[in-house]
Amino acid sequence: MAATLDDYEVIATIGTGSYGTCKKIRRKKDGKIMVWKEMEYGSMSENEKQMLVSEVNLLRELRHQHIVRYHDRIIDRNKTIIYIIMEYCQGGDLASIIARHRKDGTHVPEDFAWKILIQTTLALKECHRRKNGKAVLHRDLKPANVFLDMDSNVKLGDFGLARVLHHETSFAQTYVGTPYYMSPELVNNMSYNEKSDIWALGCMLYELCALTPPFTASNQSELNRKIRIGDFPRLPPQYSMELDMMIRKLIQVEVAKRPSIGSVLADALIQSKMKILN
Ligand SMILES: CNC(=O)c1c(C)[nH]c(/C=C2\C(=O)Nc3ccc(Cl)cc32)c1C
């Protein structure tokens, strides 16, 4: 039987973003703690609604230890709101962790950074694995879209939906924030590809350690110029040369020289870190 809003009780609002509102909820029948993401679709065209439905259907197909588990969806046609019900990630999002370290003047431990790198790469590998000939490219990898469970394991969320909700009709209303992680190929108006997610992964790892993105500017054209050049400061001195070098491999301007997900995971140092992690 299809779930209804009455099957859940809202505990708290835990996040609001350009894509909607995230609420912590309790499933009444068994007390299970979950979240739902509320998204208003009333202003969408029929094509965008179809895109949203197909993205949600893709989400439900993805089952992986490092991807947020999709449970169900509820559509309130009177209020034109879709509720996407997913697993609760007690550790919150990386953006909040970065903000806390920035405020405290502290840094994440190096081992934590390697763990986030490895587990996010594994999540992207699953996303990119062709499902019925259709790759699910993340398109919006950033600290606010990477969540942690109670053991600080990565749970990648919110992908695919970004493309739908950034579509031109809703772009103006919902798009917020500077695209710090935009890759050189996107800056040059070329097509988004699997290695664009690798570029964003490198930028995210850099920001996790340096507590600032690799490329910052006061306007988009200056940011684009810096991204095209691809120069950025070394990680803070407490981080190893190996981690700095790994991140530089990911933030490689030339797409052909940027590693694939497979080659990142095959890297000897990554392999050794994975053995320690598991
Ligand atoms: C400060 N952040 C939080 O407290 C927080 C916590 C404890 N959980 C979340 C968010 C999610 C959460 O717990 N599960 C999720 C599944 C999908 C998406 Cl897009 C988001 C979430 C957040 C934003």
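Rules and cut-offs
- Residues numbered from 1 in each chain as written.
- Predicted model: local features only at pLDDT ≥ 70, side-chain atom pairs only at ≥ 80, totals over all residues.
- Heavy atoms only, no water.
- Helix = DSSP H or I, 4+ residues; strand = E, 2+ residues; numbered from the N terminus.
- Contact = heavy atoms within 4.5 Å.
- Areas by Shrake-Rupley, 256 points an atom, 1.4 Å probe, with all protein chains shown as cover.
- Pairing = 2+ DSSP bridges.
- Axes fitted to C-alpha atoms, helices over the stretch in contact; angles between N-to-C directions.
- Core = buried A, V, L, I, M, F, W, Y, C linked by side-chain atoms within 4.5 Å.
- Buried < 20%, exposed > 50% of the residue type's maximum accessible area, 1.4 Å probe, protein only.
- Near = heavy atom within 4 Å.
- Polar contact = N/O pair within 3.5 Å; in protein donor to acceptor, adjacent residues only side chain to side chain.
- Expected span 1.5 Å × (residues − 1).
- Arc of directions from axis to C-beta.
- Phe/Tyr/Trp six-rings, centres within 6.5 Å; stacked < 30°, edge-to-face > 60°.

1. Some points on the overall build of the chain
Turning to step 1, where the next piece is worked out: Along its length, the chain carries eleven helices and eight strands.
Turning to step 2, where the next piece is worked out: A sequence separation of at least 24 residues applies to 62% of the contacts in the chain between residues at least 6 apart.
Turning to step 3, where the next piece is worked out: Of the roughly 13,500 Å² of accessible surface on the chain, a fraction of 51% belongs to carbon and sulfur atoms.

2. Describing the environment of Arg27
Turning to step 1, where the next piece is worked out: Note on placement: Arg27 falls in strand β2 (residues 20–27).
Turning to step 2, where the next piece is worked out: Among residues more than four places away in sequence, those in contact with Arg27 are Asp7, Tyr8, Lys32 and Met34.

3. Here's the deal with the sheet that holds strand β8 (residues 154–156)
Turning to step 1, where the next piece is worked out: A sheet is described by the order of its strands in space; here three strands give the open sequence β6-β7-β8, paired in antiparallel fashion. At either margin of the open sheet sits one strand with a lone partner, and together these are β6 (92–93) and β8.
Turning to step 2, where the next piece is worked out: As judged from the two bridges shared by β6 and strand β7 (residues 146–148), these two strands associate in the antiparallel manner. From the neighbouring strand, Asp93 faces β7, where its bridge partner is Phe147.
Turning to step 3, where the next piece is worked out: Of the strands in this sheet, β7 and β8 are in contact with helix α3 (residues 110–128), which crosses β8 at around 35 degrees.

4. Side note on the nonpolar core
Turning to step 1, where the next piece is worked out: Counting 50 residues, the largest nonpolar core has Leu94, Ile116, Met204, Leu205 and Leu208 as its most contacted members.
Turning to step 2, where the next piece is worked out: Residue contributions to this core peak at eleven residues, all from helix α7 (residues 194–210).
Turning to step 3, where the next piece is worked out: For Leu94, the residues in contact, after removing those within four places along its chain, are Phe112, Ile116, Pro143, Val146, Leu148, Met204 and Leu208.
Turning to step 4, where the next piece is worked out: Counting residues in each nonpolar core, the second largest holds 14 residues, with Cys22, Met39, Val68 and Met86 among its members.

5. Some remarks on the sheet that holds strand β4 (residues 70–76)
Picture the strands of a sheet paired through backbone hydrogen bonds; they go either parallel or antiparallel.
Turning to step 1, where the next piece is worked out: If you trace the five strands from one edge of the open sheet to the other, you get β1-β2-β3-β5-β4, paired in antiparallel fashion. With partners counted over all chains shown, the strands left at the sheet margins are β1 (8–17) and β4, one partner each. The mean inter-strand angle of the sheet, taken between neighbouring strand axes irrespective of direction, is 25 degrees.
Turning to step 2, where the next piece is worked out: Direction of pairing for strand β3 (residues 33–40) relative to strand β5 (residues 81–87): antiparallel, over a ladder of seven bridges. When the sheet's bridge partners are listed, Val35 is paired in β5 with Met86.
Turning to step 3, where the next piece is worked out: Each of β3, β4 and β5 touches helix α1 (residues 46–61); the most contacted strand, β4, lies at about 155 degrees to it.

6. A few points about the site of the ligand
Turning to step 1, where the next piece is worked out: Taken together, the neighbourhood of the ligand is formed by 15 residues, with Ile14, Glu87, Cys89, Asp93 and Phe147 sitting nearest.
Turning to step 2, where the next piece is worked out: At 2.8 Å, a backbone N or O of Glu87 approaches a nitrogen atom of the ligand.
Turning to step 3, where the next piece is worked out: Here Asp93 contributes a side-chain N or O atom positioned 3.2 Å from a nitrogen atom of the ligand.
Turning to step 4, where the next piece is worked out: Relative to its unbound accessible surface of 520 Å², the ligand loses 85% to contact with the protein.

7. Looking at α1
In an α-helix, one full turn covers 3.6 residues, which means residues spaced three or four apart are oriented alike.
Turning to step 1, where the next piece is worked out: Its 16 residues give α1 an end-to-end C-alpha distance of 23 Å, which sits within 8% of 22 Å, the value for a rise of 1.5 Å per residue.
Turning to step 2, where the next piece is worked out: For α1, the complete set of buried residues consists of Glu48, Leu52, Glu55, Val56, Leu58 and Leu59. The buried residues of α1 occupy one face: seen down the axis, they fall within an arc of 155 degrees.

8. Some remarks on the environment of Lys275
Turning to step 1, where the next piece is worked out: Mapped onto the elements, Lys275 comes out in helix α11 (residues 268–277).
Turning to step 2, where the next piece is worked out: With relative accessibility at 61%, the residue Lys275 sits in the exposed group.
Turning to step 3, where the next piece is worked out: Taking the C-alpha atoms as reference points, Lys275 and Gly31, separated by 244 residues in sequence, lie 36 Å from one another.

9. Here we look at the packing of aromatic side chains
Turning to step 1, where the next piece is worked out: For the coordinates displayed, the defined rule picks out five aromatic pairs.
Turning to step 2, where the next piece is worked out: For the pair Tyr206 and Phe232, a centre-to-centre distance of 5.3 Å together with 80 degrees between the ring planes defines the contact as edge-to-face. One end of the pair, Tyr206, is in helix α7; the other, Phe232, is in the loop between α8 (220–229) and α9 (241–250), with 26 residues separating them in the sequence. The residues Tyr206 and Phe232 share a single accessibility class, namely buried.

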